[in-house]
Amino acid sequence: MPSFSCGSILNWKNFYIDKQTHEPKNKLFIVLGTKDPSKFLLAITTSQKHSKISSPGCYFEDSYYMIDAQSHAGFPKDTWILLGELKVISAANLLKESIENNNIEVVGAIKEQIFNGLINCAKKSIDVSDQYKELMGKN
């Protein structure tokens, strides 16, 4: 059985970002919270810069955290963690997607220092609800 712990990087195959286009994509997520054993708090990532800043660190005003590829934090490209697009998934659904559907696999983990910075950043973001903030971190 896979180990889904805080800081784990998950590759979710066939994830529907935009249900209107009906085109699933492979997306990377980071596990942000496991405080409630029946739920996992996940943050979606993107390597698309668009209008985001390219320096590593917290941008809580804009609800993202940037990790550069050179930090060796588990991402092959510069990556932005989108704090305004968090997702809660039940432990049962996470296991089902992982084991039965073979859609989710753990592909790495971010360093603890980066994880702590990410959590602190998320807690400052106005786009992260108090409910999500309560789920952040380890049990």
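Use the structure listed above.
Anyway, here's the lowdown on the structure attached to this text.

Reading guide: rules and limits
- Residues numbered from 1 in each chain as written.
- Predicted model: local features only at pLDDT ≥ 70, side-chain atom pairs only at ≥ 80, totals over all residues.
- Heavy atoms only, no water.
- Pairing = 2+ DSSP bridges.
- Helix = DSSP H or I, 4+ residues; strand = E, 2+ residues; numbered from the N terminus.
- Disulfide = S-S within 2.5 Å.
- Buried < 20%, exposed > 50% of the residue type's maximum accessible area, 1.4 Å probe, protein only.
- 1 Å grid on protein atoms, 1.4 Å probe; cavity = no way out; pocket = protein on both sides within 12 Å on 5 of 7 lines; lining within 4 Å.
- Points joined across faces, edges and corners; volume = space filled by probe spheres on them.
- Nonpolar A, V, L, I, M, F, W, Y, C, P; charged D, E, K, R; others polar.

**Some details on the pairing of strand E2 (residues 25-33)**
Both strand E1 (residues 8-15) and E2 contribute to a ladder of 5 bridges, which runs antiparallel. Its bridge partner lying in E2, Leu 10 is registered against Phe 29. Looking at chain direction, E2 and strand E3 (residues 39-46) are connected through 4 bridges and run antiparallel. Bridge pairing in E3 links Gly 33 to Leu 41. If you look at the hairpin formed by E2 and E3, you'll find 5 residues sitting between the two strands.

**Some details on the state of the cysteines**
Taken as a whole, this structure holds 1 disulfide when the rule is applied. Paired through a disulfide, Cys 58 and Cys 121 show a sulfur-sulfur distance of 2.2 Å. Between Cys 58 and Cys 121, the disulfide has an S-S torsion of 80° and is therefore right-handed. One end of the pair, Cys 58, is in strand E4 (residues 57-59); the other, Cys 121, is in helix H2 (residues 112-124), with 63 residues separating them in the sequence. For Cys 58, a relative accessible area of 31% translates into the label partly exposed. With relative accessibility at 1%, the residue Cys 121 sits in the buried group. Free cysteine: Cys 6, not disulfide-bonded; nearest cysteine sulfur from Cys 121 at 16 Å.

**Structural notes on the layout of surface pockets**
The computed volume of the largest pocket comes to approximately 390 Å³. What lines the largest pocket is a set of 17 residues, among which Asn 26, Lys 27, Thr 45, Thr 46 and Ser 47 lie closest to the centre. The set of elements that each furnish at least two residues to the lining of the largest pocket consists of E2, E3 and strand E6 (79-90). For the lining of the largest pocket, the element with the highest residue contribution is E2, accounting for 4 residues. Of the residues that constitute the lining of the largest pocket, the class distribution is 6 nonpolar, 7 polar and 4 charged.

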